[in-house]
Amino acid sequence: MQIILKTKNSEAIADTLGGELISYKNNGKEYVWCGDAAYWTGHAPLLFPFVSALKNDTVRIGGSERHFTGKHGFARKSQFELVESTDTKAVFMLKQNESTLQFFPFNFELYEIHEISDNGFSTTYKVVNTDEKEMVFCIGGHPGFQLEGSLEDYDLVFEEDENCPFLLTDEKSLFDESYDAGIKLTGKVYSPKYSDFDRDALIAKDIKSRRVNLVRKDNGKGVEFDFTGFPLLVLWTPPKKNSPFICLEPWYGLPAMVNETGDFEDKPYAIKLASGKSFETVYKVRII
């Protein structure tokens, strides 16, 4: 089921499938990736309860081995319940069910909240641990932003002077800090090239900024992306497709580590949430 949100100058569509925001138009111009299957069918999926892939599709949770095939967890392909809707806001919720419990042995409530304004939108993730034991999870966003023309017509302008390398996963989506992309984020401006993504996503693990502007070089127009609520930023466009979009992905969690223990509890940046407690984080988009 799709929900339409409107303000005077903007219109958005959110879907109960994945609780995903699939469109945001401002003054008639689309900013969220359209999901063209020739490039990538996603729009702005929620990554939960892990990001990227598992090592050999396997992880131990609470000492018990669990298996999941595919990337980014089950939330993005789950049907959420619409629990609140206004002209400018949609709140979706996913609870544990027979399918989720096979992999993720916790009772939980996962909320995805989209709110739009005349000059942008925000997406909030809220996790409530309704289980009797501590819950461990990773969570992230994967919003794709539609481009006018080529990726190489754009700059990414960060709020802070940066001095960190972009890191990579290997061909099995395993992560090691020695996997340097050979691209260093230096200063405030990064001018992406399609060839930068020939391997896959670029992971900015030690980034200082919490805002970045994605703007056309010729006119400075685009979006401001505020990922203050997240420790990591990942950049991605499909390898070797010259796609007319780029994803700015705020994450809690890293891909499976080459030398990891295999215990979910040991994952870097994983969140440990006590019984009865809640966790909330948000990213925000402003039109420039």
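See the structure printed just above.
Residues numbered from 1 in each chain as written. Predicted model: local features only at pLDDT ≥ 70, side-chain atom pairs only at ≥ 80, totals over all residues. Heavy atoms only, no water.

Q: Residue-level account of the pattern of salt bridges, with values.
A: On inspection of all chains with the given rule, the structure shows 13 salt bridges. Arginine 211 is the salt-bridge partner of glutamate 159, the closest N and O atoms lying 3.5 Å from each other. Separated by 52 residues along the polypeptide, glutamate 159 in strand E15 (residues 154-169) and arginine 211 in strand E18 (residues 211-216) bring together distant segments of the chain. For glutamate 159, a relative accessible area of 31% translates into the label partly exposed. Taken together, the salt bridges that share partners define one network made up of Asp153, Arg216 and Asp218. (Salt bridge = Lys/Arg side-chain N within 4 Å of Asp/Glu carboxyl O. Helix = DSSP H or I, 4+ residues; strand = E, 2+ residues; numbered from the N terminus. Buried < 20%, exposed > 50% of the residue type's maximum accessible area, 1.4 Å probe, protein only.)

Q: Break down the pairing of strand E8 (residues 81-85) for me, with residues and values.
A: Summarising the sheet, E8 and strand E9 (residues 89-95) pair through 4 bridges and their orientation is antiparallel. Across the sheet, glutamate 81 pairs through a bridge with methionine 93, a residue of E9. Where E8 folds back onto E9 in an antiparallel hairpin, the turn is made up of 3 residues. (Pairing = 2+ DSSP bridges.)

Q: Explain the packing of aromatic side chains residue by residue, including any values.
A: The final tally for this structure, using the stated rule, is 26 aromatic pairs. Aromatic pair tryptophan 40 and tryptophan 236: ring centres 5.5 Å apart, planes at 75°, arrangement edge-to-face. Pair noted here: tryptophan 40 is in the loop between strand E4 (29-30) and strand E5 (46-47) and tryptophan 236 is in strand E20 (residues 232-236), with a separation of 196 residues, a long-range link. Note on tryptophan 40: relative accessible area 15%, which makes it buried. For tryptophan 236, a relative accessible area of 12% gives the class buried. (Phe/Tyr/Trp six-rings, centres within 6.5 Å; stacked < 30°, edge-to-face > 60°.)

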